[in-house]
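This is what each chain is made of:
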Amino acid sequence: MRNLEKYLSVSEEVKQALLEGKPVVALESTIISHGMPYPKNVETALNVEKIVRETGAVPATIAIIQGKITVGLSAEQIEYLGKEGLAVPKASRRDLPVLCALGSNGATTVATTMIGAALAGVKVFATGGIGGVHRGAETTMDISADLEEFAMTPVLVVCAGCKSILDIGLTLEYLETKGVPVIGFKTAELPAFYTTHSGFKVDYRLDDAKTVAKAWSAKLEMGMQGGMVVANPIPEQYAMDLDYINENIEAAIEECNRLGIKGKETTPFLLDKIQKLTEGKSLAANIQLVYNNAKVAAQIACELSKL
């Protein structure tokens, strides 16, 4: 019954790199359509690809294009997603079968990018921050599908921790329950997206890409299910003051609750509101942490290709 070719399209560059055992880094597309305004979104996406190349790996930006999970977007496709913006559906695991059946487009979340990467054979993925357990989830049950994907799908994800709009403690508890290793890259503390500090410890601190690649390779070789989180702090010079960003997050959450915004609309609303409250400072920090994650992911992919 399985007919993967019908729903998966891998660019020739990515296909060739995988055949030759070259390092490849998956990149998401929600950041293009939902993460920031045009043309900054397109500029950022192309810069991320450039950083991956300069570090020695092949970038594979992923999206759903005309009903196909497309691994390795062209510059034209990235431009299209950037211009269309919020008109492009935000696609998580539950949306995939419907969007593909209808021949629609979709911007992939962390979860769906992991699925696309795994289907193509890409083992390393760079993003901004992962989804997690939302504040108040003990009553709303609002938990990102990203976390369940980590439990199932064999892709290593380099991120700046989880977004500080989430309940970080409960997010770590959920990952621990699912057996997902959380690695701090040169840090023993989980970064909180805009800031280097969260007050929560990671499972292991590893200080170089080679060691991370060895740990990831060991998990793959043992045939263990699921992925790995590599938490890479935003560079100190771009980090925001913890109290300042938390004040703005609280204000954004208060408005979100007042307006009754729920589900997958929550994160885009909060990030946009925080950007406005911080007069663009949070967007600038977001861009820099994505660049940093792309570089580290490419370093890990390069080391993985040598093993």
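Residues numbered from 1 in each chain as written. Predicted model: local features only at pLDDT ≥ 70, side-chain atom pairs only at ≥ 80, totals over all residues. Heavy atoms only, no water.

Caption draft 1: Geometry of the pairing of strand β2 (residues 24–27). Of the two faces of β2, the one holding Val24 and Ala26 and the one holding Val25 and Leu27 are both buried throughout. Bridge analysis of β2 against strand β3 (residues 58–65) gives four bridges, and the strand direction is parallel. Of the residues in β3, the one forming a bridge with valine 24 is valine 58. (Buried < 20%, exposed > 50% of the residue type's maximum accessible area, 1.4 Å probe, protein only. Helix = DSSP H or I, 4+ residues; strand = E, 2+ residues; numbered from the N terminus. Pairing = 2+ DSSP bridges.)

Caption draft 2: Spatial organisation of unusual backbone geometry. Backbone torsion omega between tyrosine 38 and proline 39 reads 5°, so that peptide bond is classified as cis. Along the chain, proline 39 falls in the loop between α2 (30–35) and α3 (40–54). Phi angles above zero are rare outside glycine, and lysine 186 is one such case at about 65°. Tracing the sequence through the fold places lysine 186 in the loop between β9 (182–185) and β10 (204–206). With a relative accessible area of 49%, lysine 186 lands in the partly exposed category. At phenylalanine 193, a residue that is not glycine, the phi angle is positive and equals roughly 65°. Secondary-structure assignment places phenylalanine 193 in the loop between β9 and β10.

Caption draft 3: Examining the nonpolar core more closely. Among the nonpolar cores identified, the biggest contains 103 residues, and Val25, Ile130, Leu156 and Ile300 are the most heavily contacted of them. Residues contacting leucine 156, with those up to four places away along its chain left out, are Lys123, Val124, Phe125, Val212, Trp216, Met228, Val230 and Ile300. (Core = buried A, V, L, I, M, F, W, Y, C linked by side-chain atoms within 4.5 Å. Contact = heavy atoms within 4.5 Å.)

Caption draft 4: Structural view of empty space enclosed by the protein. This structure, assessed with the given rule, holds two cavities of 30 Å³ or more. Volume-wise, the largest cavity comes out at about 110 Å³. Along its surface, the largest cavity is lined by Leu27, Glu28, Ile31, Ile32, Ala45, Val48, Thr61, Ala126, Thr127, Gly128, Val290 and Ala294. Its residues assigned to classes, the lining of the largest cavity shows eight nonpolar, three polar and one charged. Estimated volume of the second largest cavity: approximately 40 Å³. Together, Ile130, Cys159, Gly161, Cys162, Thr171, Leu172, Leu175, Val182, Leu190 and Val229 line the second largest cavity. A total of three residues in the lining of the second largest cavity trace back to one element, the largest contributor, which is helix α9 (residues 168–177). For the lining of the second largest cavity, the residue count by class is eight nonpolar, two polar and no charged. (1 Å grid on protein atoms, 1.4 Å probe; cavity = no way out; pocket = protein on both sides within 12 Å on 5 of 7 lines; lining within 4 Å. Points joined across faces, edges and corners; volume = space filled by probe spheres on them. Nonpolar A, V, L, I, M, F, W, Y, C, P; charged D, E, K, R; others polar.)

Caption draft 5: Geometry of the packing of α3 against helix α13 (residues 281–306). Close contact between α3 and α13 brings their axes to 8 Å; oriented N to C, the two are set at 25°. The orientation of α3 relative to α13 falls into the category roughly parallel. Relative to α13, α3 is oriented so that their crossing is right-handed. Along its contact with α3, which presents Lys40, Glu43, Thr44, Asn47, Val48, Ile51 and Val52, the element α13 presents Ile287, Val290, Tyr291, Ala294, Lys295 and Ala298. Classifying every residue of the contact of α3 with α13 gives eight nonpolar, two polar and three charged. (Axes fitted to C-alpha atoms, helices over the stretch in contact; angles between N-to-C directions. Parallel < 35°, antiparallel > 145°, perpendicular 65-115°, else oblique. Left-handed = near helix turned anticlockwise from the far one by under 90°.)

Caption draft 6: A look at the layout of surface pockets. What the largest pocket holds in volume is close to 650 Å³. Lining the largest pocket are 33 residues, with Lys90, Thr109, Ser144, Asp146 and Thr267 sitting closest to its centre. When residues of the lining of the largest pocket are traced back to their parent elements, those giving at least two are α2, α8 (145–152) and α12 (266–277). By residue class, the composition of the lining of the largest pocket is nine nonpolar, 15 polar and nine charged. Put simply, the second largest pocket is a space of about 330 Å³. Along the wall of the second largest pocket there are 20 residues; nearest its centre are His34, Gly35, Leu86, Pro268 and Asp272. When residues of the lining of the second largest pocket are traced back to their parent elements, those giving at least two are α2, α12 and α13. For the lining of the second largest pocket, the element with the highest residue contribution is α12, accounting for five residues. Per-class residue counts for the lining of the second largest pocket are nine nonpolar, nine polar and two charged.

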